[in-house]
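Structural description and commentary
Each chain, written out:
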Amino acid sequence: VKQVCVDGQSDWSQISNFRTLCGTPSPTGASFQTLVEDDFVSDIVVEGQSLKYYTDLEMTQEVLSTTVLIEGYYYITQTIGCESDLPLEVYVTLIERIDEPVVSTIQEFCGGAILSDLTVQGLPGATVNWYADETNNQVLLPQTPLTQGIYYVNQTDGTTISHRVAVNVIIN
């Protein structure tokens, strides 16, 4: 590289950081996102393929999608043949997650019990939801007959959702 100066040209200098441009577009998403503390980098809402996440604009500090978020800037690229030339810049703000509902983790019943017989205490104004397993998002109805096994409960305040608590149901 040579630089043209007022009184001539500069000496040749070496290029210390060279990057080939490939034309892959940046992924898309909102530039400012509010997420919940203890969410993961993969929870940033982005449209793209084979995403990579960085914490610096120079894209030298890659973080895994399974990394717990911290508040601040993330620079996200996608790879379609080659990595996008420019990252999507996203500022992440974190809010506190609602507490888990208070519940006895072992509850015993005689035959004929239904889901609404389970004892749980949610926060005032929060909605308590029961699930058949830890990852299924199908909310069980209050009249669901109880069978012996593990049920999961969480609560939401309309903004955040608590972690699920496992409840062992024993039918005598």
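Scroll up to find the structure.
So, how was this worked out
Residues numbered from 1 in each chain as written. Predicted model: local features only at pLDDT ≥ 70, side-chain atom pairs only at ≥ 80, totals over all residues. Heavy atoms only, no water. Helix = DSSP H or I, 4+ residues; strand = E, 2+ residues; numbered from the N terminus. Contact = heavy atoms within 4.5 Å. Disulfide = S-S within 2.5 Å. Pairing = 2+ DSSP bridges. Axes fitted to C-alpha atoms, helices over the stretch in contact; angles between N-to-C directions. Salt bridge = Lys/Arg side-chain N within 4 Å of Asp/Glu carboxyl O. Core = buried A, V, L, I, M, F, W, Y, C linked by side-chain atoms within 4.5 Å. Buried < 20%, exposed > 50% of the residue type's maximum accessible area, 1.4 Å probe, protein only.

Let's talk about the environment of Gly 29
On the secondary structure map, Gly 29 appears in the loop between strand S2 (8-9) and strand S3 (32-36). Along the chain, Gly 29 and Leu 88 lie 59 residues apart, while their C-alpha atoms are 7.5 Å from each other. Those residues within four positions of Gly 29 in sequence are excluded, and the remaining contacts are Val 45 and Leu 88.

Observations regarding the state of the cysteines
As enumerated under the stated definition, the model contains one disulfide in all. Each sulfur of the disulfide joining Cys 22 and Cys 82 lies 2.0 Å from the other. Negative torsions about the S-S bond denote left-handed disulfides, and the value of about 110° found for Cys 22 with Cys 82 makes this one right-handed. Remark: Cys 82 occurs in strand S8 (residues 82-83) and Cys 22 occurs in the loop between S2 and S3; sequence separation between them is 60 residues.

A word on the sheet that holds strand S13 (residues 127-131)
Spatially, four strands are ordered S11-S15-S14-S13 in an open sheet, and the strand pairing comes out mixed. Looking at which strands have only one partner, the edges of the open sheet turn out to be strand S11 (106-109) and S13. Taking each pair of neighbouring strands and ignoring which way they run, the sheet shows an average axis angle of 30°. Two strands pair when backbone bridges link them, and S11 and strand S15 (residues 165-171) are joined in this way by four bridges, in the parallel orientation. Note that in S15 the partner of Phe 109 across the bridge is Ile 171.

Some points on the pattern of salt bridges
A full pass over the atoms with the stated rule returns three salt bridges. Linking Glu 83 and Lys 52 is a salt bridge whose minimum nitrogen-to-oxygen distance equals 3.9 Å. Of the two residues, Glu 83 sits in strand S8 while Lys 52 sits in strand S4 (residues 52-54), which places them 31 residues apart along the sequence. Look at the salt bridges and you will find they share partners, linking Asp 38, Asp 39 and Arg 97 into a network.

Quick look at unusual backbone geometry
Despite not being glycine, Asp 38 has its phi angle at roughly 70°, a positive value. Assignment of secondary structure puts Asp 38 in the loop between S3 and S4. Here Ser 50, not a glycine, exhibits a phi torsion of approximately 45°, which is positive.

With respect to the pairing of S15
Bridge analysis of strand S14 (residues 149-156) against S15 gives five bridges, and the strand direction is antiparallel. Paired with Gly 149 across the two strands is Val 169, which belongs to S15.

Regarding the nonpolar core
One finds Leu 115, Leu 118, Trp 130, Leu 146, Tyr 151 and Val 169 to be the most contacted residues of the largest nonpolar core, which totals 13 residues. Elements that contribute at least two residues to this core include exactly S14 and S15. In terms of residue count, the dominant contributor to this core is S15 (three residues). Residues within four places of Leu 115 in sequence aside, it is in contact with Trp 130, Leu 140, Leu 141, Pro 142, Thr 144, Leu 146 and Tyr 151.

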